[in-house]
Amino acid sequence: MADTSDLLAYRFRDLLGIQGLQVWEILGLLDKAEEFVTQNRKLDKKGASLKGRTLINLFFEPSTRTQASFELAGKRLGADVMNMAVRTSSVNKGETLIDTAITLNAMHPDLLVVRHSCSGAVELLAGKVDCAVINAGDGANEHPTQALLDALTMRRRLGRLEGLRVAICGDILHSRVARSNIYLLNTVGCGVRLIAPPTLLPPHVESLGVQVFHRMEEGLEGCDVVMMLRLQNERMDGSFIPSTREYFHLYGLDQAKLAHAKPGALVMHPGPMNRGVEIDSAVADDPKVSVIAEQVEMGVAVRMAVLDTLAQRRPSPERDEENEQKWGGPLP
Amino acid sequence: MSDNIPQDPPLGAPFPLSGSPFAAASVLQGQPPRPIAFTGVRLIDPATGRDEMGGLLIKDGRIEAVSSDLYAPEGLSFDYTRIDGEDRVLAPGLIDMTVTAGEPGAEHKETLASASRSAAAGGVTTIILMPDTDPVIDDAALVDFIARRARDTAIVRVEPMAALTQGLAGEQMSEMALLKDAGAIAFTEGRKSIANARVMRRALEYAKTIDGLIAHFAEDADLAGGGLMNEGELATRLGLTGIPAVAESIIVERDLALVNLTGGRYHLSQVTCSESLVALAKAKDRGLPVSCAVTPHHLALNEVDIATYRTFAKTKAPLRSEDVRLELLEALRSGLIDVVASHHDPRGPEEKRLPYAEAAFGTVGLESLLPILLGLVQSEHIDLIRALHTVTVAPARLLGLDSGRLKIGAPADLALIDPELPFVFNRRLLKSKSKNSPFDRRHMQGRAVMTLVGGRVVYDFARDEALHEAGGAGFSGEASAGSPA
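Residues numbered from 1 in each chain as written. Chains lettered and ligands numbered in written order. Predicted model: local features only at pLDDT ≥ 70, side-chain atom pairs only at ≥ 80, totals over all residues. Heavy atoms only, no water.

## Describing the overall build of chain A
Defined as follows: Runs of E in the DSSP output that reach at least two residues are strands. Runs of H or I that reach at least four are helices, and both are numbered from the N terminus. Between two residues, a contact is recorded if the distance between any of their heavy atoms is within 4.5 Å. Here the open area of atoms and residues is found with the Shrake-Rupley method and a 1.4 Å probe, where only the protein chains shown may cover a residue.
Of the regular secondary structure elements, chain A holds 12 helices and 9 strands. For chain A, contacts bridging at least 24 residues in sequence account for 74% of all contacts bridging at least 6. Roughly 13,900 Å² of accessible area belongs to chain A as shown, and the carbon and sulfur atoms make up 52% of that amount.

In structure tokens form, the structure reads like this:
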């Protein structure tokens with residue numbers, strides 16, 4: 001286990017994505033999250049590492065579980081948490097993203113958690129504020145805390161990460177969860193497979209370091225983990241699949257298809273689930289295989305770890321010197 | 001406006017004018033300008049292949065003489081101003097074949113006046129104006145409006161293209177004959193693409209009757225729909241929907257098949273992918289009346305320049321991969337591509353300072369057109385005369401203009417170019433109202449130092465105070481770490 005005090009040396013001001021993180025940073029965050037799993041199971045769950053700090057949840061895209069997860073994470077660390085749900089539709093344009101950022105920045109938050117429907121929007125906003133920014137999902141780009149909580153769930157259940165064979169199945173094209181997971185699992189030494197119809201795979205996806213399958217039965221052979229993704233109907237504006245009935249027939253996870261994976265394989269899902277579309281209720285509710293509820297629990301712990309790490313990052317001349325030598329300059 | 005006509009300088013005085021070089025007056029009105037003799041210039045005339053040291057005499061706003069012997073004009077019976085070219089290049093003024101301005105309807109982004117000042121600073125003496133304004137230029141009265149506004153406020157020539165379909169709705173042909181009579185130089189859908197093949201067929205057939213040219217931006221809306229950048233590995237990594245190359249080539253192939261069927265004259269307003277180049281080569285081999293253009297940003301940049309979601313690099317058609325860029329350069333060199341056009345598309349911060357998916361497409365380009373071409377000459381991708389050919393005589397021939405040449409009797413629309421002058425491109429110093437350029441802070445070499453329209457100086461680099469005040473971030477060739485705010 002990495003010494004979590006090393007995380008004071010976490011190189012960035014923000015967590016915008018898994019891309020760019022090194023193995024020790026990822027594992028360090030997971031180790032720190034373990035501590036918070038324990039804390040969250042106690043009667044008194046409250047810590048004080050974020051006492052006096054202000055955390056603002058800025059969600060341009062609706063979310064229940066992720067926003068609730070971050071809110072709880074912040075409060076359990078003692079922070080003052082404010083939730084801002086910004087309604088953006090093509091009809092009500094209103095204030096631009098940058099104007100919102102500048103306005104909030106003037107109120108001196110310490111941590112901003114941002115979700116937006118456009119790839120790159122969180123990075124754009126992070127450039128305009130002085131506080132730490134956590135990406136809670138931007139378009140089809142990244143959702144780093146989801147990948148971290150998925151990894152923690154896998155590691156706790158299977159005892160390791162390195163060498164695991166993980167299948168990610170479903171709507172990869174529109175999924176930031178898939179991308180962040182691909183980056184993380186490759187970094188920590190897992191083998192990643194994608195299973196989807198060609199219409200739901202991003203072009204040139206093999207270049208991300210994955211094996212691609214179009215049939216569940218083939219793709220699930222020997223897999224330790226089966227990660228199911230939601231069909232993102234709200235992001236689809238064209239004809240990607242003929243019907244959800246056919247989709248479930250070919251790509252929905254049921255007992256029969258799951259049997260092709262390794263015995264004891266984990267079934268994961270970032271939620272919310274479309275029962276009967278990508279996953280059968282029987283599989284989703286089977287406590288022997290499904291860790292979907294556990295993922296939610298790990299989510300709060302991982303987010304506490306991230307908030308704690310970013311908030312505790314102290315200015316460090318030694319670290320800046322080291323970064324200067326290693327990377328050719330200070331990092332934000 | 002008319003009191004801004006530049007005053008003629010006193011006898012024997014060195015140029016430039018005593019009045020502001022940025023006169024907003026008509027270049028065709030008022031007294032004929034004082035004769036000018038350029039000596040010690042490298043004359044380049046891509047129309048004839050002339051590339052030699054010599055001189056050029058301008059009288060009554062037209063080219064009076066061009067010769068390798070014109071070193072020191074003696075015995076001229078009239079007063080004239082002599083400009084020593086100092087061995088710099090004197091070429092026909094550039095013709096930029098695809099320029100969008102905001103007049104009428106979006107004057108805050110760009111007026112004809114500001115576009116013309118930007119053009120002059122870039123050595124462009126003729127702007128070919130796109131009709132996708134608000135209202136659309138699909139009526140003779142609106143063509144006339146543009147002509148009058150340009151005459152009253154622009155310092156370079158403005159030749160408008162008219163809409164190919166009424167309202168740019170892609171359904172009903174516009175009144176091409178009436179539009180042409182009113183002064184429309186060609187027909188286009190601007191930044192839009194005609195989806196209906198029957199409409200394109202009829203338009204090509206009908207345009208033949210008036211020897212009209214159709215300039216088309218080729219993009220299949222369904223294949224490209226929702227796309228934000230070139231489809232490929234980088235788009236996947238950035239989580240952005242891609243526009244596949246086939247979205248362009250499928251319409252190019254369709255249009256070329258219709259040209260084959262109808263014999264109408266066709267110009268592809270931008271080519272950006274190999275598949276289109278293949279189709280164009282085949283069409284040209286068969287002798288079809290087709291031509292095509294490429295943009296400077298497709299010659300100088302690739303999709304990686306989008307980097308971390310830079311919206312100034314968000315263009316329609318999108319920047320492609322590096323190997324495609326090299327293919328385009330080769331096609332330009334070989335003559336498969338006829339014209340380079342900037343596709344100047346001014347966009348304000350309210351359209352660009354947004355998340356990438358929400359930002360508008362488009363970049364300005366009037367002031368970077370020539371420097372980018374000169375950069376390609378520097379890096380030996382093309383030679384100077386070929387580079388200038390693509391922005392002078394090639395568009396002139398396609399559009400039936402008599403400019404773009406160093407011809408005796410032609411209007412003296414000229415650019416004095418220093419191909420070696422180094423500078424750091426600073427978008428904040430652009431003369432256009434909008435500053436959305438992907439070339440900000442790019443080190444460039446070569447630019448126009450003087451621009452003349454009808455024998456009148458409309459731009460003089462030596463007197464361009466804004467650029468010189470920028471000091472160390474500009475024109476001594478030194479790059480500074482930050483540009484002025």
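Next comes the rest of the description.
## Section: the interface of chain B and chain A
As a reminder of what qualifies: Salt bridge, as used here: a side-chain nitrogen of Lys or Arg that lies within 4 Å of a carboxyl oxygen of Asp or Glu. Under this definition, polar contacts are N or O atom pairs within 3.5 Å; protein pairs additionally need one hydrogen-donor-capable and one acceptor-capable atom, and for neighbouring residues in sequence, both atoms have to be side-chain atoms. For this scheme, ten residues count as nonpolar: Ala, Val, Leu, Ile, Met, Phe, Trp, Tyr, Cys and Pro. Four count as charged, namely Asp, Glu, Lys and Arg, and the remainder, Gly too, count as polar.
With 15 residues of chain B at the contact, the number on the chain A side is 22 residues. At the surface where chain B touches chain A, the tally comes to 0 salt bridges. Our count for the chain B to chain A interface comes out at 5 residue pairs in polar contact (both at pLDDT 80 or more). For the side of chain B that touches chain A, a count of residues per class yields 6 nonpolar, 4 polar and 5 charged.

## Focus on a nonpolar patch on the surface
Residue and element names in this part refer to chain B. For the record, the criterion: The patches reported here contain residues having more than 30% relative accessible area and no salt bridge. Joining distances are 9 Å for like charges and 5 Å for nonpolar side chains (Val, Leu, Ile, Met, Phe, Trp, Tyr). Throughout this description, buried means an accessible area under 20% of the type-specific maximum (1.4 Å probe, protein chains only), exposed means over 50%, and partly exposed covers the range between.
Taken together, the side chains of L223, V246 and I250 define a hydrophobic patch exposed on the protein surface, amounting to about 210 Å² of accessible area. With respect to the element layout, L223 can be found in helix α5 (residues 221–224). Take L223: its relative accessible area is 38%, and that puts it in the partly exposed class.

## Observations concerning the sheet that holds strand β14 (residues 265–268) of chain B
All names here are of chain B. The following threshold applies: The pairing criterion for strands is at least two bridges between them, as found by DSSP. Simply put, an axis is a line fit to the C-alpha atoms, just over the touching stretch for a helix, and the angle between two N-to-C directions goes from 0 to 180 degrees.
Here 6 strands make up an open sheet; going across it, the order is β9-β10-β11-β14-β15-β16 and the pairing parallel. Lying at the two open borders of the sheet, with one neighbouring strand each, are β9 (162–163) and β16 (339–340). Examined bridge by bridge, strand β11 (residues 213–216) and β14 share 4 bridges and lie parallel to one another. Bridging across to β14, L213 finds its partner in R265. In this fold helix α4 (residues 197–209) packs onto β11 and β14, with an angle of close to 150 degrees to the strand it touches most, β11. Running at roughly 165 degrees to β14, helix α7 (residues 246–262) makes contact with β11, β14 and β15 (290–294) of the sheet.

## Some remarks on the pairing of β15(B)
All names here are of chain B. This is how the line gets drawn: Orient the strands so they point away from the viewer; a crossover is then right-handed if the path from the first strand over the helix to the second runs clockwise.
Of all 5 residues making up β15, 5 are buried, and the element is well covered by its neighbours. Alternating positions in β15 separate into two faces, V290, C292 and V294 on one and S291 and A293 on the other, with burial throughout. By the bridge criterion, 3 bridges tie β14 to β15 in an arrangement that is parallel. The residue bridging Y266 from the neighbouring strand is V290, located in β15. Of the crossover connections in this fold, the one passing from β14 over helix α8 (residues 274–285) to the parallel β15 is right-handed. Direction of pairing for β15 relative to β16: parallel, over a ladder of 2 bridges. For V294, the partnering residue across the bridge sits in β16 and is V340.

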